[in-house]
Amino acid sequence: MAPAMTETQTHSTRCGMVAVLGAPNAGKSTLVNALVGQKVAITSAKAQTTRARMLGIALHEVDGAPTQMILVDTPGIFAPRRRLDRAMVSAAWEGAEAADAVLLMVDPIKQRRHELEPLLETLSQRPERKILVLNKVDRAKKEPLLALAQELGGKVDFAEIFFISALTGEGVPELKDHLARMMPVAEWMYPEDQVSDASERLLAAEITREQLYQQLHEELPYDSAVRPERYEVRADGSVEIHQQIVVARDTQRAIVLGKGGSKIKAIGEAARTELAEVLGVKVHLFLHVKVLENWAEDKELFEEIGLDWVR
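All figures in this text were calculated on a predicted structure; none of them were measured in a lab.

Across the six residues of strand β5 (residues 129-134), five count as buried, placing the element largely inside the fold. Summarising the sheet, strand β4 (residues 101-106) and β5 pair through six bridges and their orientation is parallel. Following the sheet pairing, Leu104 is matched in β5 by Leu132. Running through helix α3 (residues 113-124), the crossover from β4 to the neighbouring parallel element β5 is right-handed.

Written out as structure tokens, the structure reads:
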């Protein structure tokens with residue numbers, strides 16, 4: 001994409017890429033949203049939910065230089081069991097390779113050592129400048145937190161260590177300042193108003209999927225996807241969105257529909273409300289459920305939900 005200049009830019013603009021890595025549920029999406037200042041990544045309490053390589057673009061001025069940081073909100077890296085998992089892991093490492101800074105986010109309470117250790121091992125051999133971010137300082141005890149920082153710092157050569165709460169915003173401004181200073185002097189890659197390059201179709205599907213998890217996280221396993229079907233702007237400026245919720249079994253279809261269609265109606269209403277807020281226009285959302293037994297092996301569906309097909 002050709003660099004886009006705006007009137008506010010001078011020769012001293014900075015622009016670079018930050019890869020946000022971490023075990024599932026470390027709080028990466030919450031941090032990306034905090035840095036960007038608006039919702040770009042799905043933030044469900046269920047691990048492994050950031051599927052697509054959702055990019056957030058954070059704008060910040062540091063030392064008089066307007067800076068654009070392209071945040072690659074990479075999927076949680078975990079031991080890949082199926083093709084869907086492999087695609088997510090591949091997308092995560094792909095994001096880290098082109099980055100000017102790699103940010104490793106750790107939840108000091110849960111830690112998820114079995115996923116964190118391989119991550120530390122791989123990071124220790126990578127050339128990028130690395131920052132360790134310990135999240136949830138609003139809930140973690142101080143002494144174990146400092147001990148963890150010291151231990152992780154002994155395994156990987158981190159340029160800096162930050163203690164933050166992605167949820168409350170504590171420590172985030174300092175982190176943002178530091179990241180901005182790490183970005184190289186360069187022209188901006190995206191126009192000022194284009195804060196997320198994930199297409200609105202995909203974002204709309206992500207928001208529906210987030211509602212699906214929030215409302216059915218106990219009953220519905222991870223084996224579901226939301227497929228964007230149609231996205232049209234009507235003459236009055238409102239948006240009409242058609243989406244297909246894909247599940248693997250008939251029993252899951254019944255769960256998503258709920259008694260007399262009550263559950264899918266509640267999911268649709270919550271998703272529509274949030275979409276209208278994010279898009280700033282009235283939204284007409286149409287959902288239906290389809291059973292596709294082996295959807296996780298479907299190449300076409302993968303591409304439609306924004307992932308590369310990985311063998």
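Resuming the write-up.
Attention shifts here to the sheet that holds strand β9 (residues 283-291). The sheet built from three strands is open, its strands ordered β7-β8-β9 with mixed pairing. In this open sheet, the two edge strands, each paired with only one partner strand, are β7 (224-233) and β9. For this sheet, the mean angle separating the axes of adjacent strands, direction not counted, is 20 degrees. Bridge analysis of β7 against strand β8 (residues 239-247) gives nine bridges, and the strand direction is antiparallel. Note that in β8 the partner of Pro228 across the bridge is Gln243. Running over the sheet, helix α7 (residues 250-257) touches β8 and β9 and is turned about 155 degrees from β9. Contacts from helix α8 (residues 262-279) reach β7, β8 and β9 within the one sheet, and its direction differs from that of β9 by about 140 degrees.

Let us now look at a nonpolar patch on the surface. Residues Leu146, Ile161 and Phe163 make up a contiguous nonpolar surface patch of about 230 Å² in total accessible area. Within the element layout of this structure, Leu146 appears in helix α4 (residues 142-155).

For Asp107, the location among the structural elements is in the loop between β4 and α3. A polar side-chain atom of Asp107 sits 3.1 Å from the main-chain amide nitrogen of Lys110. Here Lys136 takes part through its side chain, which lies 2.7 Å from a polar atom of the side chain of Asp107. Other than its neighbours up to four places away in sequence, Asp107 contacts Asn25, Ala26 and Lys136.

One finds Leu31, Leu103, Met105, Val133, Ile164, Leu175 and Leu179 to be the most contacted residues of the largest nonpolar core, which totals 25 residues. Of all the secondary structure elements, the ones that give two or more residues to this core are β1 (14-22), α1 (28-36), β2 (54-62), β3 (65-73), β4, β5 and α5 (172-182). Among the elements that make up this core, the one with the highest residue count is α5 (five residues). Not counting chain neighbours up to four residues away, the residues in contact with Met105 comprise Leu21, Gly22, Ala23, Ala26, Gly27, Lys28, Leu31, Val133, Asn135, Ile164 and Ala166. Formed by 21 residues, the second largest nonpolar core is a distinct cluster that contains Ala204, Val239, Val256 and Leu285.

What follows covers unusual backbone geometry. Positive phi is not limited to glycine here, since Asp63 has a value of about 50 degrees. The class of Asp63 is exposed, set by a relative accessible area of 60%. The backbone phi angle of Lys136 is positive, close to 65 degrees, even though this residue is not glycine. Along the chain, Lys136 falls in the loop between β5 and α4. Residue Lys136 is classed as buried on the basis of its relative accessible area, which comes to 15%.

This paragraph deals with the confidence of the model for the protein. In this model, the protein carries an average pLDDT of 78, and 75% of its residues clear a pLDDT of 70 or more. Within the protein, strand β6 (residues 160-163) carries the highest mean pLDDT (96), whereas helix α2 (residues 83-97) carries the lowest (54). For the stretch residues 1-10, pLDDT sits under 50, and the model shows 17 contacts to residues farther than four places along the chain or on other chains. Residue range residues 76-80 is modelled with pLDDT below 50. Its contacts to residues more than four positions away, or to other chains, number 21 contacts.

The rules behind the values
Residues numbered from 1 in each chain as written. Predicted model: local features only at pLDDT ≥ 70, side-chain atom pairs only at ≥ 80, totals over all residues. Heavy atoms only, no water. Buried < 20%, exposed > 50% of the residue type's maximum accessible area, 1.4 Å probe, protein only. Helix = DSSP H or I, 4+ residues; strand = E, 2+ residues; numbered from the N terminus. Pairing = 2+ DSSP bridges. Right-handed = clockwise from strand over helix to strand, strands pointing away. Axes fitted to C-alpha atoms, helices over the stretch in contact; angles between N-to-C directions. Contact = heavy atoms within 4.5 Å. Patch = residues over 30% accessible without salt bridge, like charges linked within 9 Å, V, L, I, M, F, W, Y side chains within 5 Å. Areas by Shrake-Rupley, 256 points an atom, 1.4 Å probe, with all protein chains shown as cover. Salt bridge = Lys/Arg side-chain N within 4 Å of Asp/Glu carboxyl O. Polar contact = N/O pair within 3.5 Å; in protein donor to acceptor, adjacent residues only side chain to side chain. Core = buried A, V, L, I, M, F, W, Y, C linked by side-chain atoms within 4.5 Å. pLDDT = per-residue confidence, 0-100.

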